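# Fold and contact review
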Amino acid sequence: MAPSTTSDAASAADRTSPFGRMLTAMVTPFTPDGAVDYDGAARLATHLVDVQRNDGLVVSGTTGESPTTSDAEKEQLLRTVVDAVGDRARVVAGAGTNDTEHTLRLAKAAEAAGAHALLVVTPYYNKPPQEGLLRHFTAVADATGLPNMLYDIPGRTGVPIHTETLIRLAEHPRIVAVKDAKGDLFAGSQVLAATDLVFYSGDDALNLAWLSMGAAGFVSVVGHVVGADLHEMIDAYHAGDTGRALAIHRRLLPVITAIMTRTQGAIAVKAALNLQGLPGGPLRPPLCEASPEFAARLREDLLHGGVKIPEVNT
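The rules we used
- Residues numbered from 1 in each chain as written.
- Predicted model: local features only at pLDDT ≥ 70, side-chain atom pairs only at ≥ 80, totals over all residues.
- Heavy atoms only, no water.
- Pairing = 2+ DSSP bridges.
- Helix = DSSP H or I, 4+ residues; strand = E, 2+ residues; numbered from the N terminus.
- Axes fitted to C-alpha atoms, helices over the stretch in contact; angles between N-to-C directions.
- Parallel < 35°, antiparallel > 145°, perpendicular 65-115°, else oblique.
- Contact = heavy atoms within 4.5 Å.
- Nonpolar A, V, L, I, M, F, W, Y, C, P; charged D, E, K, R; others polar.
- Buried < 20%, exposed > 50% of the residue type's maximum accessible area, 1.4 Å probe, protein only.
- Right-handed = clockwise from strand over helix to strand, strands pointing away.
- Salt bridge = Lys/Arg side-chain N within 4 Å of Asp/Glu carboxyl O.
- Expected span 1.5 Å × (residues − 1).
- Polar contact = N/O pair within 3.5 Å; in protein donor to acceptor, adjacent residues only side chain to side chain.
- Core = buried A, V, L, I, M, F, W, Y, C linked by side-chain atoms within 4.5 Å.

## Observations regarding the sheet that holds strand E6 (residues 175–180)
What the eight strands build is a closed barrel, ordered E1-E2-E3-E4-E5-E6-E7-E8; its pairing is parallel. Adjacent strand axes in the sheet meet at a mean angle of 25 degrees when their direction is disregarded. Note: E6 against strand E7 (residues 198–201), four bridges, orientation parallel. In the strand pairing of E7, lysine 179 is matched with tyrosine 200.

## Details of the packing of helix H13 (residues 265–276) against helix H14 (residues 292–304)
It is the contact of H13 with H14, at a shortest axis distance of 10 Å, that shows an interaxial angle of 70 degrees. Here H13 is positioned roughly perpendicular relative to H14, judged by the angle of their axes. Here Ala268, Ala271, Ala272 and Leu275 of H13 come into contact with H14, specifically with Phe294, Ala295, Leu298, Arg299 and Leu302. Of the residues belonging to the contact of H13 with H14, the class tally is eight nonpolar, no polar and one charged.

## Quick word on the pairing of strand E2 (residues 56–59)
Each regular strand shows side chains that alternate between the opposite faces of the sheet. Here E2 shows a buried face lined by Gly56 and Val58 and a second buried face lined by Leu57 and Val59. Bridge count for strand E1 (residues 22–25) against E2 is three bridges, and the pairing is parallel. Each residue of the ladder has a partner; that of leucine 23, found in E2, is glycine 56. In this fold, E1 hands off to helix H2 (residues 38–50), which returns the chain to E2; that crossover is right-handed. One ladder, built from four bridges, connects E2 with strand E3 (residues 90–94); its direction is parallel. Looking across to E3, one finds that glycine 56 is bridged to arginine 90. Chirality of the crossover, the property in question, places the unit of E2, helix H3 (residues 71–85) and E3 among those that are right-handed.

## Here we look at the pattern of salt bridges
This model, assessed by the stated rule, comprises 14 salt bridges. Between arginine 168 and glutamate 131 there is a salt bridge; the shortest N-O distance is 3.9 Å. With arginine 168 in helix H7 (residues 163–169) and glutamate 131 in helix H5 (residues 130–143), this pair connects stretches of sequence that are 37 residues apart. Exposure remark for arginine 168: the relative accessible area of 47% places this residue in the partly exposed category. The class for glutamate 131 is partly exposed, based on a relative accessible area of 36%. The network of salt bridges with shared partners includes Asp50, Asp87 and Arg88.

## Focus on H13
Residues that lie three or four places apart on an α-helix share one face, since the helix turns once every 3.6 residues. With twelve residues, H13 should reach 16 Å at 1.5 Å per residue; the first-to-last C-alpha distance of 17 Å fits that figure. Within H13, eleven of the twelve residues are buried, leaving the element largely enclosed by the surrounding structure. On the buried face of H13, the contacting elements are H2, helix H10 (223–238), helix H12 (253–260) and H14. Of the residues flanking the start of H13, the one acting as N-cap is glutamine 264, its side-chain oxygen 2.7 Å from the backbone nitrogen of alanine 266. Directly beyond the C-terminal end of H13, a positive phi value near 75 degrees is found at glycine 277.

## Quick look at the pairing of E7
On E7, burial covers both faces: Val198 and Tyr200 on one face and Phe199 and Ser201 on the other are all buried. Remark: the E6/helix H8 (residues 185–194)/E7 crossover connection has right-handed handedness.

## Describing the nonpolar core
Grouped together as the largest cluster of nonpolar side chains are 80 residues, with contacts concentrated most on Leu78, Val85, Leu118, Ile259, Leu298 and Leu302. Those residues in contact with leucine 78 that lie beyond four places of it in its chain are Val59, Val91, Ala93, Ala110, Ala113 and Ala115. Counting 17 residues, the second largest nonpolar core, distinct from the first, contains Tyr151, Ile153, Val198 and Tyr200.

Nothing here speaks to function; it is all geometry.
This is how it looks when you write it as structure tokens:
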């Protein structure tokens, strides 16, 4: 057998972790008057990649308040992040809506803006049947040359992507991954065993569990503040040091509890970023800022989890 080449190794890495292993679903920073803070977005993206060790960023996902940003804002935000970090991180554009034609327009605009991939959420609210999901995801994958990551989050959308549907969708050459926030580890194991789809944990509470099931990595919310720690967890697990991975998981429990269980994720993350003096800003209605009481408790939980908070913000 011929020795492996660098390109062979890179190709294998692309198959097993096409978007890297550690990704954060980035918030969209706003100015005090509610406009998109594009300069802040560039600074935050740079921080997440260079300091928090993110291999990739998801732009205009739910945590990025995509329901309340315009298509034009999404495009400019994407271009801003690609310009800031696209040479050293994978930039995945959130393009999913509950309208297939609208999703196709967003997907094509994202490709033109330089996105490396698309995150396509299950259509929400209108509760399509599985055949409708199959047609929707296939149409989006056909619309561009970009790889697609499906986002399965029935708690928000009302409809899960069934195992059989995922197996059928895996036949499409551009449907390559799943961000799983369904929390059904057994169903995910069945899909992993039956297809080449790459799974990413979309639920920070289950990050380590998903690694044990064969997931490539995470699309995280708490990665805004502990991305480097999560990257270390992934590295430790894949190096066979499961004890180290478990220790990191347990140390981060206060952070995950504070950000993922006490209020809506974007609210909590922006409060955490504001505590750290990083770009976040306010939220657009119907979301609202965290209360002072929540922020005070969040600060204590972040400190308990090893997150550094500048003294100026105390």
